[in-house]
Amino acid sequence: MIIVDLGKHLKQILMAFELPQLNYAYDALEPHIDARTMEIHHSKHHNGYTNNLNTAIAGTDLETKSIETILGDLDMSNKALRNNGGGFYNHSLFWNVMNPEGKEALSGELKDAILLAYGTFEDFKSAFSKAAATQFGSGWAWLCVHKGGKVEVCSTPNQDNPLMPGVSCSGTPILGLDVWEHAYYLNYQNRRPDYIEAFFSVINWTEVEKRFSVAK
Ligand code: MN
């Protein structure tokens, strides 16, 4: 009996999604994104999505699935899984596409794909910034890649993302910007455009290019 209970307990530990650690300190993105916002965002908001995702899948066959598979096959009427699975995935991507140095420039195949779709980097930046600024209320702006390498900018509400079925944009997200107020309000208050501009100073293009190469 003890062995059976231990086995179940271990299985739950092994299968649960874990809050990913940041590759940098909470204050590493200052002055663009402040340490207090980063700490609350990661340790409270993202942690909450992670725990609620684990609760939503507990005891179901989803416990053995990847987050990408869970979101791709999602029943969009399952609000708990949609919000928390999306929240878990979106923030995991978000932390990884930012870089404390903030000096890495876009290059290579991704640069070519962006120039093909938008003409110039500034035009791409304008399209991405507009998607982020005009997403009403809470949501995300994305740069996605389709099979074949075509890139596309779009936005989604709440914690939706392009992996989910029936969402207005599709493809694999390779760059994401959180435009929920919790992502910027402490430092920027209502000035979402300033926060969007600041984001471009901390994008980790090396990571975005890596994700492009894998997904194209
Ligand atoms: Mn967030």
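Residues numbered from 1 in each chain as written. Predicted model: local features only at pLDDT ≥ 70, side-chain atom pairs only at ≥ 80, totals over all residues. Heavy atoms only, no water.

Draft legend 1. Broad picture of the overall build of the protein chain. A count of helical and extended segments in the protein chain gives 9 helices and 3 strands. Tracing the protein chain from N to C terminus, the helices and strands come up as α-α-α-α-α-α-β-β-β-α-α-α. Radius of gyration (C-alpha) of the protein chain: 18 Å, near the 17 Å computed for a compact globule of 216 residues. By its C-alpha atoms, the protein chain is 65 × 40 × 30 Å across when sized along the principal axes. Within the protein chain, buried positions represent 45% of all 216 residues. Summarising the internal contacts of the protein chain: among those between residues at least 6 apart in sequence, 69% fall at separations of at least 24. Carbon and sulfur atoms form 54% of the exposed surface of the protein chain, whose accessible area is close to 10,800 Å². Side chains of the protein chain give 18 positive and 25 negative charges; the mean places of these two sets differ by 3 Å. (Helix = DSSP H or I, 4+ residues; strand = E, 2+ residues; numbered from the N terminus. Rg over C-alpha atoms; globule rule 2.2 N^0.38 Å. Buried < 20%, exposed > 50% of the residue type's maximum accessible area, 1.4 Å probe, protein only. Contact = heavy atoms within 4.5 Å. Areas by Shrake-Rupley, 256 points an atom, 1.4 Å probe, with all protein chains shown as cover. Lys, Arg positive; Asp, Glu negative; His and termini not counted. Charge placed at Lys NZ, Arg CZ, Asp CG, Glu CD.)

Draft legend 2. Expanded view of the side chain of Asn90. Among the structural elements, Asn90 can be located in helix α4 (residues 79–96). Residues contacting Asn90, with those up to four places away along its chain left out, are Trp140, Trp142, Gln159, Asp160 and Asn161.

Draft legend 3. Region of the structure containing the environment of Ser77. Mapped onto the elements, Ser77 comes out in the loop between α3 (67–72) and α4. A polar side-chain atom of Ser77 sits 2.6 Å from a polar atom in the side chain of Asp75. (Polar contact = N/O pair within 3.5 Å; in protein donor to acceptor, adjacent residues only side chain to side chain.)

Draft legend 4. View of helix α2 (residues 35–57). If you check α2, its first and last C-alpha atoms are 32 Å apart, about what 23 residues at 1.5 Å a residue would give, namely 33 Å. Maximum bend of α2: about 30 degrees, positioned at His41. Of the positions making up α2, those classed as buried are Ala35, Thr37, Met38, His41, His42, His46, Tyr49, Thr50, Leu53, Asn54 and Ile57. Buried residues along α2 sit against α3, α4, β3 (172–178) and α7 (185–188). (Expected span 1.5 Å × (residues − 1). Bend = angle between axes of the 7 residues up to and from the residue.)

Draft legend 5. The arrangement of the coordination of the manganese ion in detail. At this site the manganese ion is bound by His41 (NE2), His91 (NE2), Asp178 (OD) and His182 (NE2), with donor distances of 1.9 to 2.1 Å. Going along the chain, you hit the donors of the manganese ion in the pattern H-x49-H-x86-D-x3-H. Here His41 is found in helix α2, whereas its partner His91 is found in helix α4, with 50 residues between them in sequence. Taking the relative accessible area as the measure of exposure, His41 reaches 1% and is therefore buried. Accessibility expressed as a relative area gives 0% for His91, which makes it buried. (Donors = N, O, S within 2.8 Å, 3.2 Å for Na, K, Ca; no water.)

Draft legend 6. Region of the structure containing the pattern of salt bridges. For the structure shown, the criterion picks out 6 salt bridges. One salt bridge in this structure joins Arg82 and Asp160, with 2.9 Å as the shortest N-O distance. Within this pair, whereas Arg82 is found in helix α4, its partner Asp160 is found in the loop between β2 (151–157) and β3, the two being separated by 78 residues in sequence. Residue Glu109 is joined to Lys216 by a salt bridge in which the shortest nitrogen-to-oxygen separation is 3.7 Å. Of this pair, Glu109 sits in helix α5 (residues 108–118) while Lys216 sits in the segment after α9 (205–215), and the two are 107 residues apart along the sequence. Taking relative accessible area as the criterion, Glu109 reaches 46% and is therefore assigned partly exposed. A relative accessible area of 37% means that Lys216 is categorised as partly exposed. (Salt bridge = Lys/Arg side-chain N within 4 Å of Asp/Glu carboxyl O.)

Draft legend 7. Molecular detail of the layout of surface pockets. Roughly 180 Å³ of internal volume is contained in the largest pocket. In terms of lining, the largest pocket is formed by Ile67, Glu68, Tyr89, Ser92, Leu93, Asn96, Thr172, Pro173, Ile174, Arg211, Val214 and Ala215. Per element, the largest residue contribution to the lining of the largest pocket is 4 residues, and it comes from α4. (1 Å grid on protein atoms, 1.4 Å probe; cavity = no way out; pocket = protein on both sides within 12 Å on 5 of 7 lines; lining within 4 Å. Points joined across faces, edges and corners; volume = space filled by probe spheres on them.)

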